[in-house]
Amino acid sequence: KPQKHQRRVHGEYKIGMEQTTQAEEEVPESTIDNASYWVWQKVQAVIDMTATYVRLRWLIALVLLGFYVYRAALNNGFHIISYFLGLFMLDKFLGFISPKDDDDVTGNATILPTRETEEFRPFRRAIKELDLWKSYILAFG
């Protein structure tokens, strides 16, 4: 079992107080932390595997939304929670369809270059599609 100041690096443990790089993962100390860390790793692996299956992911999101609506209708409640869930979904969707750069919003940037010296700048979203889907899945689940 790893000690207090050990870190896991590609399956091995390192001792020390060096800076943690992106390839290194912090090792949780308690059993509950170990279990939740293990579950989160498995969930993240499934999310990474489904990254290319856009329709399947959104079908899963619609099924979870259907379960939520069914549960809310069956219990004849959740009015305030549903209202805030709708606001959350709207906020995330507006972030998805809005541009990342402020120049695009103010109109200072051109979409297509008008001269040879200008560069073409594609539309970059503030929130990626996968992040939008993750937010919806966590909200419905």
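Above this text sits the structure in question.
Residue numbering note: each chain is counted from 1, following its sequence as written. Only residues with pLDDT of 70 or above have their local features reported here, since the model is predicted, and side-chain atom pairs are shown and tallied only from 80 upward, although totals for entire chains, interfaces and linings are computed over all residues. Note that the side-chain values use all heavy atoms of the structure and ignore hydrogens as well as water.

Some remarks on the packing of aromatic side chains
Then step 1. For Phe, Tyr and Trp, rings pair up if their centres lie within 6.5 Å, where Trp contributes its six-membered ring, and each pair is then called stacked (planes under 30 degrees apart), edge-to-face (over 60) or tilted (otherwise). Considering all chains together, one arrives at five aromatic pairs under this definition.
Then step 2. Seen from their ring centres, Y83 and F84 are 5.4 Å apart, and the 70° between their planes marks the pair as edge-to-face.
Then step 3. An angle of 35° between the planes, with centres 6.4 Å apart, marks the rings of F93 and F96 as tilted. Linking F93 with F96, this pair stays in helix 3 (residues 79-97), spanning three residues, or about one helical turn.
Then step 4. Placement of a charge over a ring requires the Lys NZ or Arg CZ to be within 6 Å of the ring centre, with the centre-to-atom vector within 35 degrees of the ring normal. One Lys or Arg, R57, reaches over the ring of W133 and ends 5.4 Å from the middle of that ring.
Then step 5. Over the ring of F96 we find R125, and its NZ or CZ is 4.2 Å from the ring centre. Helix and strand assignments follow DSSP, with helices taken as H or I runs no shorter than four residues and strands as E runs no shorter than two, numbered in order from the N terminus.

Describing the packing of helix 2 (residues 54-75) against helix 5 (residues 129-140)
Then step 1. Inter-axis angles, ranging from 0 to 180 degrees, are taken between N-to-C directions of lines fitted to C-alpha atoms, where helices are fitted over the stretch in contact. Running from N to C, helix 2 and helix 5 cross one another at 25°; their axes reach a closest spacing of 9 Å. When the axis of helix 2 is compared with that of helix 5, the two are roughly parallel. Where helix 2 crosses over helix 5, the two elements pack in a sense that is left-handed. For the pair helix 2 and helix 5, the contacting residues are V54, R57, W58, I60, A61, L64 and L65 in the first and E129, L130, L132, W133, Y136, I137 and F140 in the second.
Then step 2. As a working rule, the residues Ala, Val, Leu, Ile, Met, Phe, Trp, Tyr, Cys and Pro are called nonpolar, Asp, Glu, Lys and Arg charged, and the rest polar, with Gly in that last group. A per-class count over the contact of helix 2 with helix 5 returns twelve nonpolar, no polar and two charged. Angular relationships are summarised with four words: roughly parallel below 35 degrees, roughly antiparallel beyond 145, roughly perpendicular across 65 to 115, and oblique for the angles in between. In this scheme, a crossing is called left-handed if the near helix is turned counterclockwise away from the far one by less than a right angle; it is called right-handed if the turn is clockwise. Two residues form a contact once any of their heavy atoms are found within 4.5 Å.

Quick look at the side chain of T50
Then step 1. Its location among the elements puts T50 in the loop between helix 1 (31-49) and helix 2.
Then step 2. Once residues within four sequence positions are removed from consideration, T50 is found in contact with R57 and W133.

Quick look at a nonpolar patch on the surface
Then step 1. Think of a patch as exposed residues, more than 30% relative accessible area, with no salt bridge, where like charges cluster within 9 Å and nonpolar side chains (Val, Leu, Ile, Met, Phe, Trp, Tyr) cluster within 5 Å. Calculation of accessible area relied on Shrake-Rupley with a 1.4 Å probe; when residues are assessed, cover is drawn exclusively from the protein chains displayed. Salt bridge criterion: a side-chain nitrogen from Lys or Arg within 4 Å of a carboxyl oxygen from Asp or Glu. On the surface, I80, Y83, F84, L87, L90, F93, L94 and I97 cluster together into a nonpolar patch covering about 810 Å² of accessible area.
Then step 2. Within the element layout of this structure, L90 appears in helix 3.

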